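Residue strings, one per chain:
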Amino acid sequence: MCISRFCAALGAVALILAAFPVSAFEVEERHFFPAIAGDEVLRIISTADEDAFEPIIRAYQAQNPAVAVDYTIASSTEVMRAIYDEGAAFDLVISSAMDLQTKLANDGFALAYTSAQTETLPDWAIWRDQVFSFTQEPAVLVVSEAFFAEIGVPKNRRDLINLLRRESAWFKGRVGTYDVRTSGLGYLFATQDSRNIESYWRLTELMGGLKSPLYCCSSDMIRDVASGKLAFAYNVLGSYAASRLPETKGFHIVELEDFTSVMLRTVLMPVSVENQSAAHRMIDFLVTMKDRPDLVAASGLPPVDEAALDANTAMRPIRLGPGLLVFLDRLKRDRFLENWENSIVQD
Amino acid sequence: MKGLIAKGSIRRRLVLQLGAVAAILSIAFFLVVQVVADRAAQDTQDNIIAAAATAIADALYADRDRVTLELPYSAFSMLGSISQDRVFYRVVERGQTLTGYDDLPISRKGISENTRRFASFTYRGEMVRAVTVVRSVSLRDERRAVTVTVAQTQRGRAVISSRITATATAIAAVFFMVATGLSFWAAQAALRPINRVARSVARRGPNDLRLVVGETPTELVPLVGALNSFIARLRVSLLRSEEFIADAAHRVRTPLATVRAQAELTHRRLNKPEHKKAIREMIRAIDESSRSAGQLLDHAMVTFRTDSLEKTPVDLVGLLAETCDRLAPTAELKDIEILRELPEDPFEIPGDPVLIQSALRNILDNAIKYSPDDSQITVRAFEDDGFWLQVRDQGRGFGDADLGKLSQRFSRGANVADIVGSGLGLTIADEVAGAHFGRLVISKNKKGAGACVSLVFAQP
């Protein structure tokens, strides 16, 4: 493993390799965590930021000192392209795009694995023993403290819609949401909303009428809410918002009480796996994160916790399974985006 | 029993055959359940994928100048809620894939509107069950046939099948064990009447030639009938031979009496001592012969009377005293004293007095015959777990003879070659005892030499 020695020699903790092997899929970042002792490598392709994942990888390596972790970050569509179209060699695929992960498993790109640890997952958090959920991250409303200082924060969508109607002048251009055409997560939340909530299209129409700006990512929306540019942002990933809270002032998080979609971050083992044993150990490690509150705090990733969902009945985890394939259907997707554009882009 | 070879057991055969039937039925049950279960699981899956395909077909519509489709969420979520199976689909119009998996095989042969066609094949490395439906969509006055295929892997079906198979296996195993246990019991029960008949025949005494009567299962009637007719023939034949012997004895006895009378006359007329001695020998031989003939007659009578025993109350003590009286003259000839040790009270049992007296006479007669001159014979009657009638002499006893065999017909002691005898005396006594559910006890005289013969009758 010349790469491993090279890295060790440099003493680099994280390294973005310029001389990356030729590949068509687009890599955002690549980090290498050398083994403490040994020459095994676990290659992970993931949509999660290094900030969130580094503590997890370090803790994993503390238990598995022989394993070096090669951590590649890409967007969910690029992850899909890497595995589905190009057959790129990775040992684990970690993604927030439940639909794409399900499609990988459905179309035969994932291997099954069972262990005492995976058995502890609730039924809804595992599919075909191939797709394992390890976080539950709700879609939340992020509201500006300054904006809502005097009026009450809406607790459900009906109040939200009424507020937008009543105070349309005030909210013009100051409501943010995902551009579902470019954001996979935004598309997932939007399609689940359309399926579960009667008022979703009405809300979208209203936001379109208010000339709401569209965003690619949760972090940008949080930044603009905190700065007061936006009154609130709809369908922001709750875990990101929570992790920004300590360092960013000026906003708080609202979980709507009528219905809150919960995204499950999942891990699967692709057929191109080379180091199965290390991959198995990482899966076991991830699905038992609930037992490591220190890691939960450090990564900002809330673990799968059935009790927490039972306590709040509005929280609905998005169901793994073939239902998720429906909105990946070409015609369905075209149709949905067409409707969405008609609603939100009003000139 | 010689000549009778026990080969094979009906019970074992019954149990094995019933067990084999149970095993065959269990296996048949298992196979049938498995086939039915598999079919049911298959039908369930077929229905669900057909419903999904129909839901997709229902969502087809003409949009401006093309056929399009809004895939209903329920079509797939329904499949996902039942099992964790992989789902594939393809919608084709005029050879063009509208949406879905381009490489999913599609077979339109023999398919028309409102029918559906199921197929099983391997797709993407796994066995799938697929359904194809056709739906027409009107597009600018033109009917376009659109084919919808939905395929699903068979993991859920396998789970259902294996669960039912496990249940079927358990039921078949329990059924087999219960049936085998029951077949044991059934074999036992079926053979019970046979055992009963066999036991009732085996329990009989040697002279019991009564017919077998009582409840008999239909299947055993021929066997028992044959046995009864055999017993009847045997009885007739025995009776005939006894009659013959009695007849012969009777016919011999009368001329013997004549010969004896003539010999006595001649004895008186002769003077020479050697001639007189010869005649005396002759008379003694004649006496023995007539005694044997008498015993043969007795024996025939015993056999006959035992066969149709008529019981009246009999006083054993009185009978014994009477017999002693009768034989006293014979004993006196040899200067033998008969000592009587008889109780005052009578011993009464139901029985045939003629037979019992005949038995006692033969026992006492034997004692006199084998006793030396000028000796004593003790006759006792006492109670000791039954009524004992005992005759003890001071004769030579039975030597080394097997005491158990002495009561057999024509069997005699080993030390009596010099005394004429038929060997019937103890046989008669034994048969009489047997007919009265008693027994003959032969033992050596405890006090010095001599024999001790007892008739023992059970107290009524």
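This one's a predicted model, so the numbers in the text were calculated from it and none came from an experiment. Every chain begins its residue count from 1, and numbering advances along the sequence as written. As they are written, the chains are lettered A onward and the ligands numbered 1 onward, keeping that order. Confidence filtering applies because this is a predicted model: local features only for residues at pLDDT of at least 70, side-chain atom pairs given and counted only at 80 or more, and all residues used for totals across whole chains, interfaces and linings. Computation of side-chain values covers all heavy atoms of the structure but excludes hydrogens and water.

J.: If you had to explain the overall build of chain A to someone new, which residues and values would you point to?
T.: Helices and strands together make up the secondary structure of chain A, namely 16 helices and 13 strands. Its C-alpha atoms give chain A a radius of gyration of 21 Å, near enough to 20 Å, the size a compact globule of 347 residues would have. Its C-alpha atoms give chain A principal-axis dimensions of roughly 65 × 40 × 40 Å. Only protein chains enter the calculation, and the probe is 1.4 Å; a residue is then buried if its accessible area is under 20% of its type maximum, exposed if over 50%, and partly exposed in between. Taking all 347 residues of chain A together, 56% fall into the buried category. A run of DSSP states H or I qualifies as a helix once it reaches four residues; a run of E qualifies as a strand once it reaches two. Both are numbered from the N-terminal end. Radius of gyration means the value over C-alpha atoms here, while the globule rule gives 2.2 Å times the residue count to the 0.38 power.

J.: Could you give an account of the state of the cysteines, naming the residues involved and the relevant values?
T.: As used in these notes, a disulfide is a covalent bond between sulfur atoms, one from each of two cysteines. Any two cysteine sulfur atoms within 2.5 Å of one another count as a disulfide. One pass over the structure, following the stated rule, counts one disulfide over all chains. There is a disulfide in this structure between cysteine 216 of chain A and cysteine 217 of chain A, and the S-S distance comes to 2.1 Å. Between cysteine 216 of chain A and cysteine 217 of chain A the sulfur-sulfur dihedral comes to about -70°; the bridge is accordingly left-handed. Classification of cysteine 216 of chain A as partly exposed rests on a relative accessible area of 41%. The class of cysteine 217 of chain A is partly exposed, set by a relative accessible area of 28%. Looking at cysteine 324 of chain B, it has no disulfide partner, and the nearest cysteine sulfur is the one in cysteine 452 of chain B, 14 Å off. Judged by relative accessible area, which is 0%, cysteine 324 of chain B ranks as buried.

J.: For the packing of helix α1 (residues 10–58) of chain B against helix α2 (residues 73–82) of chain B, give the residues involved together with the corresponding values.
T.: Residues and elements named next belong to chain B. Axes, fitted as lines to C-alpha atoms, cover a helix only where it is in contact. Angles between the N-to-C directions of the axes lie from 0 to 180 degrees. Where α1 contacts α2, the axes come no closer than 8 Å and their chain directions differ by 165°. The angle between α1 and α2 falls in the class roughly antiparallel. Considering the relative orientation of α1 and α2, their crossing is left-handed. Listed contacts from α2 to Ile48, Ile49, Ala51, Ala52, Ala55 and Ile56 of α1 are Ala75, Phe76, Met78, Leu79 and Ile82. Basically, the charged four are Asp, Glu, Lys and Arg, the nonpolar ten are Ala, Val, Leu, Ile, Met, Phe, Trp, Tyr, Cys and Pro, and anything else, Gly included, counts as polar. Broken down by class, the residue content of the contact of α1 with α2 amounts to eleven nonpolar, no polar and no charged. Here roughly perpendicular refers to angles of 65 to 115 degrees, roughly parallel to angles under 35, roughly antiparallel to angles over 145, and oblique to all remaining angles. Note on convention: the crossing is left-handed when the near helix lies turned anticlockwise from the far helix by less than a right angle, right-handed when the turn is clockwise. It only takes one pair of heavy atoms within 4.5 Å for two residues to be counted as in contact.

J.: Can you break down the pattern of salt bridges residue by residue, with the values?
T.: Side chains carrying opposite charge are able to pair once their charged atoms draw close together. By salt bridge we mean one thing: a side-chain nitrogen of Lys or Arg within 4 Å of a carboxyl oxygen of Asp or Glu. Enumeration over the complete set of coordinates arrives at 40 salt bridges over all chains. With a closest N to O distance of 2.7 Å, arginine 129 of chain B and aspartate 46 of chain B form a salt bridge. Residue arginine 129 of chain B is found in strand β6 (residues 126–139), and its partner aspartate 46 of chain B is found in helix α1; the two are separated by 83 residues along the sequence. In this pair, the class of arginine 129 of chain B matches that of aspartate 46 of chain B, namely buried. Counted as one network, the salt bridges with shared partners bring together Asp220, Arg223, Asp224 and Lys229 of chain A.

J.: Can you break down the domain arrangement of chain A residue by residue, with the values?
T.: Residues and elements named next belong to chain A. Note that the domain bounds reflect an automated or database-derived domain assignment. The domain architecture assigned to chain A consists of domain 1 (2–136 + 264–315) and domain 2 (137–261 + 327–344). A C-alpha centroid distance of 28 Å is found between domain 1 and domain 2. Opposite the 16 residues of domain 1 that make contact, domain 2 presents 16 residues. Roughly 1,200 Å² is buried in total at the junction of domain 1 and domain 2, and carbon and sulfur atoms are behind 57% of that figure. By buried area we mean how much accessible surface two parts lose on assembly, using a 1.4 Å probe and totalling the loss over both. Ranking the residues of domain 1 by area buried against domain 2 places Asp99, Ala314 and Met315 at the top, with a combined share of 41%. What qualifies as a polar contact is a pair of N or O atoms within 3.5 Å, subject to a donor-acceptor requirement within protein and to the restriction that residues adjacent in sequence count only when both atoms come from side chains. At the junction of domain 1 with domain 2, the criterion picks out four residue pairs in polar contact (both at pLDDT 80 or more). Counting only elements with at least two residues in the side of domain 1 that touches domain 2, the list comes to α4 (98–106) and β7 (131–144). Ranked by the residues each element gives to the side of domain 1 that touches domain 2, the list is headed by α4, at four residues.

J.: Quick one: what's the story with a negative patch on the surface, residue by residue and with numbers?
T.: All names here are of chain A. Together, Glu26, Glu28, Glu29, Asp51 and Glu247 line one region of the surface with negative charge. If you trace the backbone, glutamate 29 turns up in strand β1 (residues 29–33). Residue classification places glutamate 29 among the partly exposed positions, given a relative accessible area of 31%. Each patch is built from salt-bridge-free residues with over 30% relative accessible area, joining like charges within 9 Å and nonpolar side chains (Val, Leu, Ile, Met, Phe, Trp, Tyr) within 5 Å. Note on areas: these come from Shrake-Rupley sampling with a 1.4 Å probe, and a residue is covered only by the protein chains present in the view. Charge counting follows a simple rule: Lys and Arg are positive, Asp and Glu are negative, and His as well as the terminal groups are ignored. To locate a charge, take atom NZ for lysine, CZ for arginine, CG for aspartate or CD for glutamate.

J.: Quick rundown of the domain arrangement of chain B? Include the residues and the values.
T.: All names here are of chain B. As assigned here, chain B comprises domain 1 (12–162), domain 2 (208–308) and domain 3 (309–460). Counting residues at the interface gives 15 residues for domain 2, matched by 22 residues for domain 3. Both sides of the domain 2 and domain 3 interface together cover about 1,600 Å² of buried area, and 51% of this is carbon and sulfur. A salt bridge links aspartate 298 to arginine 361; the nearest nitrogen and oxygen atoms lie 2.7 Å apart. Counting across the domain 2 and domain 3 interface gives four residue pairs in polar contact (both at pLDDT 80 or more). At 13 residues, the largest contribution of residues to the side of domain 2 that touches domain 3 is made by helix α5 (residues 273–307). Here the residues of the side of domain 2 that touches domain 3 sort into three nonpolar, six polar and six charged.

J.: Give a detailed account of the packing of aromatic side chains, specifying residues and quantitative values.
T.: Residues and elements named next belong to chain A. Any pair of Phe, Tyr and Trp rings, taking the six-membered ring for Trp, is counted once the centres come within 6.5 Å. Such a pair is stacked with planes under 30 degrees apart, edge-to-face with planes over 60 apart, and tilted for the rest. By the definition in use, this model includes 24 aromatic pairs over all chains. Taken together, a centroid distance of 5.4 Å and an interplanar angle of 15° make the contact between phenylalanine 53 and tyrosine 71 stacked. With phenylalanine 53 in helix α2 (residues 50–63) and tyrosine 71 in strand β3 (residues 67–73), the pair connects residues that are 18 residues apart, well separated along the chain. Under the relative-accessibility criterion, phenylalanine 53 is labelled buried at 0%. Taking 6.3 Å as the distance between ring centres and 40° as the angle between the ring planes, the aromatic pair formed by phenylalanine 148 and phenylalanine 171 counts as tilted. Within this pair, whereas phenylalanine 148 is found in the loop between β7 and α6 (157–166), its partner phenylalanine 171 is found in helix α7 (residues 168–171), the two being separated by 23 residues in sequence. It is arginine 333 that lies over the ring of tyrosine 187; its NZ or CZ is 4.4 Å from the centre. A positively charged side chain is recorded as over a ring if its NZ (Lys) or CZ (Arg) lies within 6 Å of the ring centre. The angle to the ring normal must also be within 35 degrees.

J.: Tell me what's going on with the sheet that holds strand β12 (residues 387–392) of chain B, and back it up with residues and numbers.
T.: Residue and element names in this part refer to chain B. What the five strands build is an open sheet, ordered β9-β11-β12-β14-β13; its pairing is mixed. The open sheet is flanked by β9 (337–341) and β13 (439–444), the only strands paired with a single partner. Shown here is a sheet whose adjacent strand axes are inclined to one another by a mean of 15°, direction ignored. Along the sheet face, helix α7 (residues 353–370) touches β9, β11 (376–383), β12, β13 and β14 (451–457) and points at about 170° away from the line of β14. A pair of strands is labelled paired if DSSP reports no fewer than 2 bridges between them.

J.: So, the interface of chain A and chain B: which residues are in play, and what are the values?
T.: Many analyses report the size of an interface as the accessible area lost when the parts associate. Taken together, the contacts link 23 residues of chain A with 28 residues of chain B. Carbon and sulfur atoms supply 45% of the area that chain A and chain B bury against each other, a total of about 2,200 Å² over both sides. Its largest share of buried area at the contact with chain B, chain A owes to Arg128, Pro322 and Leu331 of chain A, together 29% of the area lost on that side. The tally of links from chain A across to chain B stands at four salt bridges. Glutamate 70 of chain B is the partner of lysine 332 of chain A in a salt bridge, and the nearest nitrogen-oxygen pair spans 3.8 Å. Seen at the junction of chain A and chain B, the total is 17 residue pairs in polar contact (both at pLDDT 80 or more). Residue composition of the side of chain A that touches chain B, by class: ten nonpolar, three polar and ten charged.

J.: If you had to explain helix α4 (residues 221–269) of chain B to someone new, which residues and values would you point to?
T.: Expected helix span is given by 1.5 Å per residue-to-residue step, counting one fewer step than there are residues. For α4 of chain B, built from 49 residues, the straight-helix expectation of 72 Å at 1.5 Å per residue is met to within 8% by its first-to-last C-alpha distance of 71 Å. Along α4 of chain B, the residues classified as buried are Val224, Asn228, Ile231, Glu242, Ala246, Ala249, Leu256, Ala263 and His267 of chain B.

J.: Describe the environment of glycine 250 of chain A, and please don't skip the residues or the numbers.
T.: Residue and element names in this part refer to chain A. Position of glycine 250 among the secondary structure elements: in the loop between α11 (238–244) and β11 (251–254). Spatially, the C-alpha atoms of glycine 250 and phenylalanine 25 are 38 Å apart, while their sequence positions differ by 225 residues. In contact with glycine 250, not counting residues within four places along its chain, are Val143, Ser144, Glu145, Val225 and Ala226.

J.: Explain the nonpolar core residue by residue, including any values.
T.: Buried Ala, Val, Leu, Ile, Met, Phe, Trp, Tyr and Cys residues form a nonpolar core when they are joined through side-chain atoms within 4.5 Å. Residues Leu42, Ile45, Phe53, Tyr71, Leu92 and Met282 of chain A are the most contacted members of the largest nonpolar core, which totals 82 residues. It is helix α12 (residues 276–287) of chain A that provides the largest number of residues to this core, a total of seven residues. Shared between two domains, this core holds at least three residues of each, these being domain 1 (2–136 + 264–315) and domain 2 (137–261 + 327–344) of chain A. The contacts of leucine 42 of chain A, once residues within four sequence positions are left out, are Tyr60, Val67, Ala68, Val69, Asp70, Asp91, Leu92, Asn275, Ala278, Ala279 and Met282 of chain A. By size, the runner-up hydrophobic cluster in this structure holds 68 residues, among which are Phe147, Ile197 and Phe327 of chain A together with Ala50 of chain B.

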